[in-house]
Amino acid sequence: MTPTGQPEPLPVWRAPGKKIRQVVVGDSRRRARKPLRKAQEEAGVPAGRWMGRGLPVLGLVPGEEVTEAQVRSLFGECRHPHADRIEADQ
């Protein structure tokens, strides 16, 4: 925890690492500079899609492809998937 009581951000592919690898790149490893979509294609894993009834509240669209930046923000930094855009608009 940080001094403000917020959870510490975790490195993107270690939060929790094995589970993220299983879901995002089919339990395979990817080189640090390899784009997520390319790693998914090579592993035969389809791109993730947003699902759920609460998505509109978050400004997400059901069925829309999950981007690498959204994965990094949500799982790696414990932030809203569009945190960068939200902050830029303020």
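What counts and what doesn't
Residues numbered from 1 in each chain as written. Predicted model: local features only at pLDDT ≥ 70, side-chain atom pairs only at ≥ 80, totals over all residues. Heavy atoms only, no water. Helix = DSSP H or I, 4+ residues; strand = E, 2+ residues; numbered from the N terminus. Buried < 20%, exposed > 50% of the residue type's maximum accessible area, 1.4 Å probe, protein only. Salt bridge = Lys/Arg side-chain N within 4 Å of Asp/Glu carboxyl O.

Student: What should I look at first to understand unusual backbone geometry in this one?
Tutor: Excluding glycine, most residues fall at negative phi; most peptide bonds, likewise, are trans. Unlike most non-glycine residues, Cys78 shows phi in positive territory, near 55 degrees. The residue Cys78 is located in the loop between helix H4 (68–76) and helix H5 (83–89) in this model. Residue Cys78 is classed as partly exposed on the basis of its relative accessible area of 44%.

Student: Would you explain the pattern of salt bridges in this entry?
Tutor: Counted under the stated rule, the structure contains 6 salt bridges. Measuring nitrogen to oxygen at the nearest pair gives 3.1 Å for the salt bridge that ties Glu77 to Arg79. Residue Arg79 is classed as partly exposed on the basis of its relative accessible area of 23%. Between Asp84 and Arg79 there is a salt bridge; the shortest N-O distance is 3.4 Å. Overlapping salt bridges, with partners in common, bring together Glu77, Arg79, Asp84 and Glu87 in one network.

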